[in-house]
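Next come the chains, spelled out residue by residue.
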Amino acid sequence: MGVRGLQGFVGSTCPHICTVVNFKELAEHHRNKHPGCTPTIVVDAMCCLRYWYTPESWICGGQWREYFSALRDFVKTFTAVGIKLIFFFDGMVEQDKRDEWVKRRLKNNREISRIFHYIKSHKEQPGRNMFFIPSGLAIFTRFALKTLGQETLCSLQEADYEVASYGLQHNCLGILGEDTDYLIYDTCPYFSISDLCLESLSTVMLCREKLCESLDISLADLPLLACLLGNDIIPEGMFESFRYKCLSSYTSVKENFDKKGNIILAVADHISKVLHLHQGEKKLEEMLPLGPNKALFYKGVASYLLPGQKSPWFFQKPKSLITLDKQVLSMSSDPESKQGVPMCTDPEPKQGVPTCTDPEPKQGVPTCTDPELKQGVPTCTDPEPKQGVPTCTDPEPKQGVPTCTDPEPKQGVPICTDPEPKQGVPMCTDPEPKQGVPMCTDPEPKQGVPMCTDPEYKQGIPICVDPESKQEVTLESKQGVPKCTHTEIKQKLPVGADSEFKLEAPMCIDPAIKQQDLMHMEPEVKQETLVSDPEILKVARAHHVRAESYLVYNIMSSGEIECSNTLEDALDQALPSQAFVYRPVRQRVYSLLLGDGRDGASTCPTVKEWFVYSGNPLRHPDLVRPLQMNVPGGTPNLKLLWLNQEPGMQVRRLDALLGCLDLSSSREELQAVENPFKALCCLLIYLFVQVDTLCLEDLHAFIAQALCLQGKSTVQLVDLQLDYIDPRAVQLGSLLVRGLTTLVLVNSACGFPWRMSDFMPWNIFDGKLFHQKYLQAEKGYSVEALVEQNRSRLTKFHALKSVVCKACVKENRRIVSKQHWRSHQPGRWGRQGSGSHRTSSGYSRAGQGQHWRDQGPGNRQYEPDHWRRYPSSSGLQLRVPDNSA
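Colleague: What's the story with the overall build of the protein in this structure? I'm lost.
Modeller: Within the protein one finds 32 helices and 19 strands. Counting every atom, the protein has about 33,400 Å² of accessible surface; 50% of that belongs to carbon and sulfur.

Colleague: Which parts of the structure should I look at to understand the nonpolar core?
Modeller: In summary, soluble globular proteins display a tendency toward joint burial of nonpolar side chains. Ranked by size, the top nonpolar core spans 148 residues in total, and within it W52, F78, I555, M556, L593, W642 and F759 carry the most contacts. Ignoring any residue separated from it by four or fewer positions in sequence, one finds W52 in contact with V43, A45, Y67, A70, L71, F74, F87, T141 and I193. Counting 66 residues, the second-largest nonpolar core is a separate cluster that includes V163, I271, L290 and W313.

Colleague: How should I be thinking about the packing of aromatic side chains in this particular structure?
Modeller: With the rule as written, the count across this model stands at 25 aromatic pairs. Aromatic pair W64 and Y67: ring centres 6.2 Å apart, planes at 85°, arrangement edge-to-face. Note that W64 and Y67 are positioned in helix α4 (residues 64-80) at a spacing of three residues, about one turn of the helix. For the pair W64 and Y67, a shared accessibility class is recorded, and that class is buried. Put simply, the rings of F23, W52, F74, F78, F87 and F191 pair up and form one aromatic cluster. Seen from the ring of F131, R128 lies directly overhead, with NZ or CZ sitting 4.0 Å from the centre.

Colleague: I keep staring at the state of the cysteines and nothing clicks. Help me out?
Modeller: In a disulfide, the sulfur atoms of two cysteines are covalently bonded to one another. Per the counting criterion, the structure on display carries zero disulfides. In this structure C37 is a free cysteine whose sulfur lies 8.2 Å from that of C172, the closest cysteine sulfur available. Taking the relative accessible area as the measure of exposure, C37 reaches 4% and is therefore buried.

Colleague: Looking at this structure, how should I read helix α10 (residues 222-229)?
Modeller: One turn of the α-helix equals 3.6 residues, which is why residues spaced by three or four share an orientation. With respect to burial, α10 is a largely interior element, eight of its eight residues being buried. Buried within α10 we find L222, P223, L224, L225, A226, C227, L228 and L229. The secondary structure elements touched by the buried residues of α10 are α8 (181-184), α9 (208-215), α11 (240-249), α12 (259-273), α13 (284-287) and α14 (294-302). Looking one or two residues past α10, G230 carries a phi angle of roughly 105°, positive in sign.

Colleague: Could you clarify how one ought to interpret the side chain of N616 in this entry?
Modeller: Mapped onto the fold, N616 is located in the loop between β13 (607-611) and β14 (622-624). With a relative accessible area of 5%, N616 lands in the buried category. Within the local environment of N616, its side chain forms a polar contact with the backbone nitrogen of L618, the two atoms lying 3.0 Å apart.

Colleague: Help me understand the pairing of strand β4 (residues 151-154), please; the structure alone is not making it clear to me.
Modeller: Along a regular strand, successive side chains alternate from one face of the sheet to the other. A two-sided burial pattern is seen for β4, the buried positions comprising E151 and L153 on one face and T152 and C154 on the other. Bridge count between strand β3 (residues 84-89) and β4: four bridges; the pairing is parallel. Considered in β4, the bridge of I86 is made with E151.

Colleague: Hey, could you run me through the environment of I536 in this one?
Modeller: The topology assignment puts I536 in helix α17 (residues 534-545). With 106 residues separating them along the chain, I536 and W642 place their C-alpha atoms 8.1 Å apart. When neighbours within four sequence positions are excluded, I536 is seen to be in contact with V531, M556, L638, K639 and W642.

Colleague: For this particular structure, what's the right way to read the sheet that holds strand β5 (residues 174-177)?
Modeller: The seven strands lie next to each other as β1-β7-β6-β5-β2-β3-β4, forming an open sheet whose pairing is mixed. Strands at the two margins of the open sheet, each flanked by one partner only, are β1 (18-22) and β4. Strand-to-strand twist of the sheet, defined as the mean angle between neighbouring strand axes without regard to direction, takes the value 30°. As paired strands, β5 and strand β6 (residues 190-192) are joined by three bridges and run parallel to one another. By the bridge assignment for β6, I175 is matched with Y190.

Colleague: Help me understand the pattern of salt bridges, please; the structure alone is not making it clear to me.
Modeller: Think of it this way: side chains of opposite charge can pair up when their charged atoms draw near. Scanning the model with the defined rule gives 30 salt bridges in all. Across the pair R31 and E28 runs a salt bridge whose closest N-O atoms are separated by 3.3 Å. Remark: E28 and R31 occur in helix α2 (residues 23-33); sequence separation between them is three residues, near one turn of the helix. In this structure R31 comes out as partly exposed when scored by relative accessible area, which is 27%. Given a relative accessible area of 40%, E28 falls into the partly exposed group. With a closest N to O distance of 3.2 Å, E609 and R583 form a salt bridge.

Colleague: Looking at this structure, I do not really get the pairing of strand β2 (residues 40-44). What am I missing?
Modeller: Where burial is concerned, most of β2 is hidden: five out of the five residues are buried. Residues T40, V42 and D44 of β2 are buried on one face, and the alternating residues I41 and V43, pointing to the opposite face, are buried as well. Two strands pair when backbone bridges link them, and β2 and β5 are joined in this way by three bridges, in the parallel orientation. Residue V43 lies in a different strand from β5, and its bridge partner there is L176.

Colleague: Could you clarify how one ought to interpret the packing of helix α24 (residues 677-690) against helix α27 (residues 727-749) in this entry?
Modeller: Geometrically, a packed helix pair is captured by the angle between its two axes and the distance between the axes. Packing of α24 against α27 leaves a shortest axis separation of 10 Å and a crossing angle of 115°. Read as a crossing pair, α24 and α27 show a hand that is right-handed. Only L735, L736, G739, L740 and L743 of α27 make contact with α24, whose side of the interface consists of A679, L680, L683, L684 and L687. Among the residues forming the contact of α24 with α27, the class breakdown is nine nonpolar, one polar and no charged.

Colleague: Hey, could you run me through a positive patch on the surface in this one?
Modeller: On the surface, K103, K107, R110 and R114 cluster together to form a positively charged patch. Inspection of the secondary structure puts R114 in helix α5 (residues 98-122). A relative accessible area of 49% places R114 in the partly exposed class.

Colleague: Can you help me understand the side chain of K818 in this one?
Modeller: Tracing the backbone shows K818 in helix α32 (residues 818-824). Classification of K818 as buried rests on a relative accessible area of 7%. In terms of polar contacts, K818 uses its side chain to reach the side chain of E778, at 2.9 Å.

Colleague: Would you mind showing me how to read unusual backbone geometry here?
Modeller: Phi is mostly negative for residues that are not glycine, and the peptide bonds are mostly trans. Note that the residue after N675, namely P676, is joined by a cis bond; omega there is 5°. Position of P676 relative to the elements: it lies in the loop between α23 (667-671) and α24. Phi at K123 is positive, roughly 55°, even though this residue is not glycine. Note on placement: K123 falls in the loop between α5 and α6 (137-147). You can call K123 partly exposed: its relative accessible area is 48%. Not every positive phi belongs to a glycine, and F752 is a case in point at roughly 65°. We classify F752 as partly exposed; its relative accessible area is 26%.

Cut-offs used in this document
- Residues numbered from 1 in each chain as written.
- Predicted model: local features only at pLDDT ≥ 70, side-chain atom pairs only at ≥ 80, totals over all residues.
- Heavy atoms only, no water.
- Helix = DSSP H or I, 4+ residues; strand = E, 2+ residues; numbered from the N terminus.
- Areas by Shrake-Rupley, 256 points an atom, 1.4 Å probe, with all protein chains shown as cover.
- Core = buried A, V, L, I, M, F, W, Y, C linked by side-chain atoms within 4.5 Å.
- Buried < 20%, exposed > 50% of the residue type's maximum accessible area, 1.4 Å probe, protein only.
- Contact = heavy atoms within 4.5 Å.
- Phe/Tyr/Trp six-rings, centres within 6.5 Å; stacked < 30°, edge-to-face > 60°.
- Lys NZ or Arg CZ within 6 Å of the ring centre and 35° of its normal.
- Disulfide = S-S within 2.5 Å.
- Polar contact = N/O pair within 3.5 Å; in protein donor to acceptor, adjacent residues only side chain to side chain.
- Pairing = 2+ DSSP bridges.
- Axes fitted to C-alpha atoms, helices over the stretch in contact; angles between N-to-C directions.
- Salt bridge = Lys/Arg side-chain N within 4 Å of Asp/Glu carboxyl O.
- Left-handed = near helix turned anticlockwise from the far one by under 90°.
- Nonpolar A, V, L, I, M, F, W, Y, C, P; charged D, E, K, R; others polar.
- Patch = residues over 30% accessible without salt bridge, like charges linked within 9 Å, V, L, I, M, F, W, Y side chains within 5 Å.
- Lys, Arg positive; Asp, Glu negative; His and termini not counted.
- Charge placed at Lys NZ, Arg CZ, Asp CG, Glu CD.

Structure, rendered in structure tokens:
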């Protein structure tokens, strides 16, 4: 994660970059300096997960009550000293970083194999050095934080960019995370989560200015350095020979530094002493061995530029476009304009990327203006508003957005800036998605009304309202180019001249790029979504940004989703991977969101699934088609499910949810189950119908742990000790938790018929407790012993078991004891015939003794025209897709 080798370099070679700070003191200083402004820390939640997960046990599926308690303590500690936290989560994987994502997933597979080998050898949990975060931790952390009243946001692109942008534009106290990319972004201070002492609220601040001083480069050079060293976009090996050439000519090699440290020093020295000589005169490709990687390299450098910032290393004029992955990358930097880009901290403005760190910046914070202007970037002015704050305007300046100096602006919404220039950072962005987070803020960030000005329209359009607002309506923007959100906008907004662009036509573009340029680039820049209804996409996007849904917007906007590693034993031949177990559910969700192509195969959409499972090299995504739902009255319309507030619609939403799980026939029985066990029963019915290697003892363990959990405190769960660790129980725990994340997807897609709290794991699952009940059931404990001799629990146990077993019988699935299998079905625990798939060549195999896990990896299409049952080798039935039609 981040820049290759930079974390080690900072720790060993330049320790003076790290300064111990105290958040309480920083917050007090911030309040004194900015009266009325709440000190705010932006938290990169994905970086913090492994530091938040403090429970000793992690192997059994997660200690969710303990984890929730740890999160509560974390939030309380900051709230007690008056610090507000804003949490950001990754909402998608960018195409440029897909290779890196795959590389990490494959590495995780090897780690998981070692974990299971250790469990089988030692029958205990490995040490913390082999720690692997429980499945679904990121997903459920979002909802845990929301339950704790925290502002939680999900990104529309890589989260680190949105974190850095938010921190800069909202004058935040700093960023809390663990990613060296935050040393490269020119944003607010960066604090380390790994060095945080919660009791004293002290941690380490990593200073990018001191890093530049040590390397003898400027802040504007850091993105160039990061790409030459390698990061998540630029493979480390791309410039390996170049780095060694720099090292061979570097005259100040320090013997006491390691090789990687000297390489970083050598590359920085080359930038400072060689590249700077020709800066502004030669293009980067004339000074560096970019070769065929030119576009990727420029994109990598541009990915660090926050809204309004420019790089002095971009020699190209704005009209010079580089196209990569159907995205337009504008190198919007005039060689003459770099002289006019003020820096708050660097005494040499010619090399500056605008920052916002000087407490009294005389030059103000620059905004984005017409790149054609040769006089640089105008800045925010002194509290005396004599000159105003120029904004990003139309090629015709008279059509610009009025500034704060206009007492009664006639056009659009004025850009709001505080007398303290740091707090007003109005921006306008290029079509490049990573520069599309324009903001305009007040000392209270929630009141910021960001603006977006399209050259075709004379009035500014507000872009982002309070993320917590339930009424927010957001115009979809798949590539991160902000469109429009406002509670008062009822009518449909124009989205571009070309109807082919649908919602992907940029609404806020560089004025230097003419409309005909975009038309000319149409084959590359057109980004069609799988759903054309703008109203539905706005709702899906709003839920996504507010972290209220899971995967729904990704499916509808890009038709591409991913799921990381799960603790699954690659050598276990009896239990299928969760990727396959829950695939039919996802397929029915695709049908609900995208349609099932019943009007002809040619119109049937395909979703790209990047799901990790044993044997999948992840070279290509699995191409998965929707599966027709069986819902009373037919598949409901999304507008009815999502927007219709009539009382009867809640019934339709529940019907849709049960239809996704293929449990419509058990509706009445499930209605009688009380919360939070209703969701658990649905999941157990689905699991036991899908996986015929699950036995009665497994069902007893699942139900008993959920019932006993209700009466246990967090302290009791912490003190619970296990006799040993069973590898099958480990996988079953992860399988159930992945089922809960699937319920989050289904509930989101169906318009939230259930409360999310009904299937949050801290309410119905505990890893150690399940493991204890599993081991007890394996030893033949009675049901009374499993529910700890509690009469009330015993009654509920039999009621829940009856619901699950009756529903399974309706599906011709009889749940029997493992002892019964061993005596009557000797081959039961072998490899089951239960898989089918369609290969890329079109050859179809169905029900021919192929296991779920052996469906084969990558680039194949799943086209379940109908679902029927095929006999397994044990003689029992499994539900698999019929591809023979």
